[in-house]
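# Structural characterization, general
One letter stands for each residue in the lines below.
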Amino acid sequence: MSQRSIHIKTFGCQMNVYDSDRMGGLLTLGGYLWEPDLRKADVILINTCSIRDKSEHKVLSLLGQLKPLKDENPKKVIGVSGCVGQRLGRSLLQRVPHLDLVFGPDSVDRVKELVDEVVLNGRRVLETKLEEGGRAYSQPTHVPTRPSRPAEYLTIMKGCDHFCTYCIVPFVRGREKSRPIHEILEDVRGFVAGGTKEVTFLGQNINTYGKGTGETLAELIEKTHAIPGLERIRYVTSHPRDLGEDLISQFGKLEKLCPSLHLPFQSGSDRILKAMSRLYTRDEYLLKIEKLRAACPAIALSTDVIVGFPGETDEDFEKTVEVLNRVEFSMAFLFKYSPRPGTRAFALSEEIPEVVKEERLARVQQLSLRQIERENGRLLGTTVQCLVESIDKKGLCYSGRTVHNKLVHVLNSGPSCQGKILDVEVTETNGSNVKGYFAGAPRVVRTA
Ligand code: 5AD
Ligand code: SF4
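Presented here is an overview of the structure given in this document. In this text, all values refer to a predicted model and were calculated from it rather than measured experimentally.

With that settled, consider the overall build of the protein chain. Looking only at helices and strands, one finds 12 helices and 19 strands in the protein chain. For 448 residues, the compact-globule estimate of 2.2 N^0.38 gives 22 Å, and the protein chain sits close to it at 23 Å. Counting only C-alpha atoms and orienting by the principal axes, one finds that the protein chain spans roughly 60 × 60 × 50 Å. Residues classed as buried in the protein chain amount to 54% of the 448 residues present. Within the protein chain, contacts between residues at least 6 apart in sequence are counted, and of these 73% link residues at least 24 apart. Accessible surface, the protein chain: about 20,000 Å² in total, of which carbon and sulfur atoms supply 52%. One finds the centroid of the 63 positive side-chain charges in the protein chain at a distance of 3 Å from the centroid of its 57 negative side-chain charges.

Moving on: the pattern of salt bridges. Going through the model one piece at a time under the given rule, you end up with 40 salt bridges. Put simply, arginine 175 and aspartate 161 hold a salt bridge, and the shortest N to O gap is 3.9 Å. Taken together, the positions of arginine 175 in the loop between α5 (169-173) and β9 (177-178) and aspartate 161 in the loop between β8 (157-158) and α5 put the pair 14 residues apart, joining distant regions of the chain. By relative accessible area, arginine 175 is classed as partly exposed at 26%. In this structure, aspartate 314 and arginine 360 form a salt bridge, with 2.8 Å as the shortest nitrogen-oxygen distance. Taken as a pair, aspartate 314 in helix α11 (residues 314-327) and arginine 360 in helix α12 (residues 354-379) lie far apart in primary sequence, 46 residues in all. When its relative accessible area of 6% is taken as the criterion, arginine 360 is described as buried. Linked by salt bridges that have partners in common, Asp21, Arg146, Arg149 and Glu152 make up one network.

With respect to the secondary-structure elements, threonine 216 resides in the loop between β10 (198-202) and α7 (217-225). Assessed through its relative accessible area of 33%, threonine 216 is described here as partly exposed. On a C-alpha basis, the gap between threonine 216 and arginine 39 in space is 44 Å, while along the polypeptide they are 177 residues apart. Setting aside anything within four residues of it in sequence, one finds threonine 216 in contact with Ile181 and Tyr209.

For the bond from valine 236 to threonine 237, the omega torsion is 10°, close enough to zero to count as cis. Tracing the chain through its elements places threonine 237 in the loop between β11 (232-236) and α8 (245-248). Positive phi, close to 55°, is recorded for phenylalanine 163, a residue that is not glycine. If you trace the backbone, phenylalanine 163 turns up in the loop between β8 and α5. Residue phenylalanine 163 is classed as partly exposed on the basis of its relative accessible area of 28%. With phi around 50°, glutamate 328 is a residue other than glycine that occupies positive phi space. Mapped onto the fold, glutamate 328 is located in the loop between α11 and β14 (331-336).

Before going further, it helps to examine the nonpolar core. With 75 residues, the main nonpolar core has Phe201 and Tyr235 as its most contacted residues. Looking at which element gives the most residues to this core, the answer is helix α6 (residues 181-193), with 6 residues. The residues that make up this core include at least three from each of domain 1 (5-127) and domain 2 (136-258). In terms of nonpolar packing, the next biggest core, distinct from the first, is built from 20 residues, Leu63, Leu69, Leu93 and Val102 among them.

Moving on to the packing of α11 against α12. One way to put it is that α11 packs onto α12 with a least axis distance of 11 Å and a crossing angle of 10°. Classified by the interaxial angle, the pair formed by α11 and α12 is roughly parallel. Residues Asp314, Phe317, Glu318, Val321, Leu324 and Asn325 of α11 lie in contact with α12, whose contacting residues are Arg360, Arg363, Val364, Leu367 and Gln371. Each residue belonging to the contact of α11 with α12 can be placed in one class, and the counts come to 5 nonpolar, 2 polar and 4 charged.

Rules behind the numbers
Residues numbered from 1 in each chain as written. Chains lettered and ligands numbered in written order. Predicted model: local features only at pLDDT ≥ 70, side-chain atom pairs only at ≥ 80, totals over all residues. Heavy atoms only, no water. Helix = DSSP H or I, 4+ residues; strand = E, 2+ residues; numbered from the N terminus. Rg over C-alpha atoms; globule rule 2.2 N^0.38 Å. Buried < 20%, exposed > 50% of the residue type's maximum accessible area, 1.4 Å probe, protein only. Contact = heavy atoms within 4.5 Å. Areas by Shrake-Rupley, 256 points an atom, 1.4 Å probe, with all protein chains shown as cover. Lys, Arg positive; Asp, Glu negative; His and termini not counted. Charge placed at Lys NZ, Arg CZ, Asp CG, Glu CD. Salt bridge = Lys/Arg side-chain N within 4 Å of Asp/Glu carboxyl O. Core = buried A, V, L, I, M, F, W, Y, C linked by side-chain atoms within 4.5 Å. Domains from an automatic or database assignment. Axes fitted to C-alpha atoms, helices over the stretch in contact; angles between N-to-C directions. Parallel < 35°, antiparallel > 145°, perpendicular 65-115°, else oblique. Nonpolar A, V, L, I, M, F, W, Y, C, P; charged D, E, K, R; others polar.

Structure representation (structure tokens):
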């Protein structure tokens, strides 16, 4: 049989990007060929997200668009992995007759066996078991089947034990399970040997990494810090209740630990925080911010906010605006509440009308953009250090990130800049865009 080709389309968070990468690696090792064009692939796998209703709609609409391809060539294999696969399981197979394969996030490392089963036996396959206990991935380390990138993401744990009342994650990703430190370090060393300079550790509730094993995130950071050749370390996502003194004190002390942290507050109202089961108050959150800024005054903070949670009054919403005004985040990810079936908040009756959610979202978006513009304006004329990662969509210039996680377009860059940390003079800021030149080449801008 000739070799089959595969394409994986990824929706959702960085963890899905990591899982897709892992699945791509295992499939190519197993004899499948990577096909860059989704429509041409023999096996199309969609790795999905179900955090909000909209994320699920995107997947269902893509599946609809793929039906003519399957009609044309019934041998084409179409699969859904990730959180939508886990949440909808058998009902997704029933609803979409041209779908061959559905599996959840716990089966990532079994992707080759699952795809083979469909390809070789022509069966429709479903696998949505969520294993309690055990390890985060069955395969100890990452299978490196592509060149290392300058900045890599590495999932170090799976699942979440928190059960915030709006959140689907604990239902689709299960309880927290961590990978052992020695395996993570092996992966980091492998990436660094291939040229990686920055690593971002991923976990839904990363501060409690190692729970039940005696290992901690602070210990992992310290050991990672000792790896020669690695220059930058980040981790995401922190929970305000679980971000302990050991972690806070590492900022400003460990030079490779980037002075930037993502710390979602979700709402500025204690009443809403309680209804969300977030386990902290507004004041406790602000105290953590104070401690972080005391440990590392230049730290760049980002956050997540949900507007329109059931029962959120104008007064509650104003408290969210007040926290945004007070902290002045470098970046805020702002969401309208989306009811997720099976979560506790789904049953709450005091739904906020869509127009009110829209108004509130627009207001915090405007506020956040103004704050980002102000911060970017302060960068004008300064020199920032940028790890150059990739070329932009138009293929004109490369961009990279500062230690504060600010995206910078380097206007006079070329392929030789990729993977380097360059001093870039910021010459232009336009809304959330930051542009500049580095000293190593003439200030000539490439045009299309
Ligand atoms: N509706 C809207 N936003 C949500 N998030 C999680 N669940 C929901 C939901 N049901 C947001 C939170 C979380 C981020 C990843 O997504 O802000 O921090
Ligand atoms: Fe979801 Fe994060 Fe809450 Fe866990 S801590 S339930 S992933 S919002």
